[in-house]
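Notes for the structure review
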Amino acid sequence: MKKIVLYGAGGHCNAVIELIRSSGNAVPALIYDDAPKVSSILGVPVQNYTTGAIADEEDVCITIGNNFIRKEISKKLQCHTSTWIHSSSVVYPSTHIGKGCQLLPGTVIDAGVSLGDFCIVNNNATVSHNVTVGSFSHIAINAAVAGGVTIGEGVLIGAGSVLLPGVKIGNWAVIGAGTVITKDVPDHAVVYGNPSKIIRYNKP
């Protein structure tokens, strides 16, 4: 049974532990964290990370939901990072899925979709045909992304949100839970509501 090292002992780690276990051919062996608050999660021990603690040949899964932090951690880890796809996910052969991605139960990745590296597609989210998703983005629970949408790097698509066909979402934008997107969203914008409205901009 393959042993997997995890990095990040927050809430998202719980979901990924079970995702890995559900594969039937791997087990989470150890969790590293920069400031651990618990000694274990779901029976997997947690340790404080120190430089060099992870060997180059180890298979590491970054279990951090925050897009920016996930990117920063990926920069300092030069080891192998697997992609994990739950058996209940629908992923068509014409898709491209980057390294380190996590597809949780019930996700649908339609024809011609391209996911960048270290993306999270959460429970029951749907990404329709010919969508491009930038690296380090997170499509949350029950979100629906229609065909031809372009999503930039580091974007958070909130739970239950709907993106209509062909819209473009800028880098590091945040789409609030339940938001309906009918037009393009600029870089770093935080958008909520139906109809959607820009509330503020995050600092680059």
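Just so you know, these numbers come straight off a predicted model, no measurement behind them.

**Digging into the sheet that holds strand S21 (residues 174–175)**
Spatially, 8 strands are ordered S6-S9-S12-S15-S18-S21-S23-S24 in an open sheet, and the strand pairing comes out mixed. Two strands in the sheet have a free side with no partner beyond their single neighbour: strand S6 (84–85) and strand S24 (197–201). In terms of strand pairing, S21 meets strand S23 (residues 189–192) through 2 bridges, oriented parallel. Within S23, the residue paired with Val174 across the bridge is Val190.

**Considerations on helix H2 (residues 67–76)**
Within H2, the full set of buried residues consists of Asn67, Arg70, Lys71, Ile73 and Ser74. Buried residues along H2 cover an arc of 165 degrees about the axis, so they all sit on one side. For H2, the elements touching its buried residues are strand S1 (2–7), strand S5 (60–62), strand S12 (120–121), strand S15 (138–139) and strand S18 (156–157).

**Overview of the nonpolar core**
Ranked by size, the top nonpolar core spans 27 residues in total, and within it Ile139, Ile151, Leu163 and Ile169 carry the most contacts. Contact partners of Leu163, with chain neighbours within four places excluded, come to Ala144, Val145, Ala146, Val149, Ile151, Ile157, Ile169 and Ile181. Residues Ile4, Val16, Ile17 and Val44 belong to the second largest nonpolar core, which totals 17 residues.

**Focus: the packing of aromatic side chains**
The description of two aromatic rings rests on the distance between their centres and on the angle between their planes. Under the criterion given, the structure shown has 4 aromatic pairs. Each ring, one from Tyr32 and one from Tyr49, has its centre 5.8 Å from the other, and the planes form 85 degrees; the classification is edge-to-face. Here Tyr49 lies in the loop between strand S4 (44–48) and S5 and Tyr32 lies in strand S2 (residues 26–33), a separation of 17 residues in the sequence. The exposure classification of Tyr32 matches that of Tyr49, with both residues buried. Centre to centre, the rings of Phe68 and Trp172 are 6.2 Å apart; their planes meet at 70 degrees, and the pair counts as edge-to-face. With Phe68 in helix H2 and Trp172 in the loop between strand S20 (168–169) and S21, this residue pair connects regions lying 104 residues apart in the sequence. Ring-pair connections join several aromatic residues into one group, and the members of that group are Tyr7, Tyr32 and Tyr49.

Criteria and cut-off values
Residues numbered from 1 in each chain as written. Predicted model: local features only at pLDDT ≥ 70, side-chain atom pairs only at ≥ 80, totals over all residues. Heavy atoms only, no water. Pairing = 2+ DSSP bridges. Helix = DSSP H or I, 4+ residues; strand = E, 2+ residues; numbered from the N terminus. Buried < 20%, exposed > 50% of the residue type's maximum accessible area, 1.4 Å probe, protein only. Arc of directions from axis to C-beta. Contact = heavy atoms within 4.5 Å. Core = buried A, V, L, I, M, F, W, Y, C linked by side-chain atoms within 4.5 Å. Phe/Tyr/Trp six-rings, centres within 6.5 Å; stacked < 30°, edge-to-face > 60°.

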